[in-house]
Amino acid sequence: MNYLSRQESFSLLTTTTIETVLHSGQKIQFDNVIAATVQRPNKFHAQRLGDLVDQTFFYDGQSLTLQDARAGYHATLAAPDTLDGMLDFARDTLDIVAPAQDFIHQDAFKILMDGVDSAIHLGATYVEGEICDHLAFSAPQNGTDWQIWIQRGEQPLPRRIVITSRDILSAPQFAVHIKEWNLAPEIADDLFEFNASDATTEIEFILVNPGESQE
């Protein structure tokens, strides 16, 4: 994760699966595809498309916009002037976890290791044709277990992560599988800027912690 935090710009393509538990205890899975582009220190664009969502995130160093094309709405709010600040602001103030946040935050390793009291190296396996180290961690005080597969070699990139919620009935999982990494992406000048159109109607974010608003 430290290797990735040193990259000035990169893009990734992932597939994600989230499980939800019905009152009966039955688990149901929903899939998404996420394409994200990062340009440090303060640019981010991502699209999350799947069974339940059709969302695009725009962050240009000044404001954060979330567009839901399927619902026909978008909302814009002033945001901190760093990528990490924006990610924390979105989570704490808007109750929004940005796509691929587990990988793009510069403190990703510290955040993931919070509450961990045991770790296991399970050996080597292949993900997307790359040999990876398979590691498993347990954070019982947070009610979670998680696994990560990290590519071996000169580019130790995460290739897969699975988070298990132990404190929820039937222990649902959230899995991210990274299909592609690009550490030298060609980035259009306007990729991170949102241009309003007639396609969606502007609404306001609901703040879960109004005291943290940047306005």
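Here, every reference points to the structure presented above.
Residues numbered from 1 in each chain as written. Predicted model: local features only at pLDDT ≥ 70, side-chain atom pairs only at ≥ 80, totals over all residues. Heavy atoms only, no water.

Participant: How do you make sense of the pattern of salt bridges when you look at a structure like this?
Facilitator: Pairing between side chains of opposite charge can happen when the charged atoms of each approach one another. Enumeration over the complete set of coordinates arrives at 6 salt bridges. Note that lysine 179 and glutamate 128 form a salt bridge whose closest N and O atoms lie 3.7 Å from each other. Taken together, the positions of lysine 179 in strand β11 (residues 173-182) and glutamate 128 in the loop between β7 (118-127) and β8 (130-139) put the pair 51 residues apart, joining distant regions of the chain. We note a salt bridge from arginine 152 to aspartate 133, for which the minimum N-O separation is 2.9 Å. Of this pair, arginine 152 sits in the loop between β9 (144-151) and β10 (158-165) while aspartate 133 is found in strand β8, placing the two residues 19 residues apart along the sequence. It is possible to trace a salt-bridge network through shared partners that takes in Asp88, Arg91 and Asp92. (Salt bridge = Lys/Arg side-chain N within 4 Å of Asp/Glu carboxyl O. Helix = DSSP H or I, 4+ residues; strand = E, 2+ residues; numbered from the N terminus.)

Participant: How should I be thinking about the sheet that holds strand β3 (residues 43-50) in this particular structure?
Facilitator: Working definition: the strands of a sheet are paired by backbone hydrogen bonds and lie parallel or antiparallel to each other. Ordered by their spatial adjacency, 12 strands build an open sheet running β7-β8-β9-β10-β11-β1-β2-β3-β4-β5-β6-β12, and the pairing between neighbours is mixed. Edge strands, defined here as strands with exactly one partner in the open sheet, are β7 and β12 (201-202). Two strands pair when backbone bridges link them, and β3 and strand β4 (residues 54-59) are joined in this way by 6 bridges, in the antiparallel orientation. Opposite glutamine 47, over in β4, you have threonine 56 as the bridge partner. (Pairing = 2+ DSSP bridges.)

Participant: So what exactly am I meant to see when it comes to the environment of alanine 124 here?
Facilitator: Here alanine 124 is to be found in strand β7. Sequence spacing of alanine 124 and leucine 66 is 58 residues, and the spatial spacing of their C-alpha atoms is 38 Å. Residues contacting alanine 124, with those up to four places away along its chain left out, are Ile131, Cys132 and Arg152. (Contact = heavy atoms within 4.5 Å.)

Participant: Explain the packing of aromatic side chains here, please?
Facilitator: The geometry of two aromatic rings is summed up by the distance between their centres and the angle between their planes. A full pass over the atoms with the stated rule returns 3 aromatic pairs. Taken together, a centroid distance of 4.2 Å and an interplanar angle of 15° make the contact between phenylalanine 137 and tryptophan 146 stacked. In this pair, the class of phenylalanine 137 matches that of tryptophan 146, namely buried. Just above the ring of tryptophan 149 sits the side chain of arginine 160; from NZ or CZ to the centre is 5.4 Å. (Phe/Tyr/Trp six-rings, centres within 6.5 Å; stacked < 30°, edge-to-face > 60°. Buried < 20%, exposed > 50% of the residue type's maximum accessible area, 1.4 Å probe, protein only. Lys NZ or Arg CZ within 6 Å of the ring centre and 35° of its normal.)

Participant: What exactly am I supposed to notice about the nonpolar core here?
Facilitator: As a rule of thumb, soluble globular proteins bury nonpolar side chains together. In this structure, Leu12, Phe44, Leu64, Met86, Phe103 and Trp181 are the most contacted members of the largest nonpolar core, which totals 38 residues. Once residues lying within four places of it in the same chain are set aside, the contact partners of methionine 86 are Phe44, Tyr59, Leu64, Ala79 and Pro80. Ranked by size, the runner-up nonpolar core spans 5 residues in total, among them Val127, Cys132, Val162 and Ala175. (Core = buried A, V, L, I, M, F, W, Y, C linked by side-chain atoms within 4.5 Å.)

Participant: Sorry, what's going on with helix α2 (residues 83-94) here?
Facilitator: In an α-helix, one turn spans 3.6 residues, which is why side chains three or four residues apart end up on the same side. Across its 12 residues, α2 extends 15 Å between first and last C-alpha, which sits within 8% of the 16 Å expected from 1.5 Å per residue. Of all 12 residues in α2, 9 are buried; the element is thus mostly enclosed. Among the residues of α2, Leu83, Asp84, Gly85, Met86, Leu87, Phe89, Ala90, Thr93 and Leu94 are the ones counted as buried. Looking at the buried side of α2, the elements it contacts are β2 (27-39), β3, β4, β5 (63-68), β6 (73-78) and α3 (101-104). (Expected span 1.5 Å × (residues − 1).)

Participant: Help me out: how do you make sense of unusual backbone geometry in this one?
Facilitator: Most peptide bonds adopt trans geometry, and most residues besides glycine take a negative phi value. Arginine 40 connects to proline 41 through a cis peptide bond whose omega is 15°. Relative to the elements of secondary structure, proline 41 occurs in the loop between β2 and β3. Phi at aspartate 95 is positive, roughly 60°, even though this residue is not glycine. Residue classification places aspartate 95 among the exposed positions, given a relative accessible area of 59%. Phi at alanine 100 takes a positive value of approximately 65°, unusual for a residue other than glycine. Among the structural elements, alanine 100 can be located in the loop between α2 and α3. Alanine 100 gets classed as buried once you look at its relative accessible area, which sits at 14%.

Participant: Just to check I follow, could you spell out the side chain of threonine 14 for this structure?
Facilitator: Turning to its location among the elements, threonine 14 is positioned in strand β1 (residues 9-21). Take threonine 14: its relative accessible area is 1%, and that puts it in the buried class. Setting aside residues no more than four positions away along its own chain, threonine 14 makes contact with Asn32, Val33, Ile34, Val176, His177, Ile178 and Lys179.

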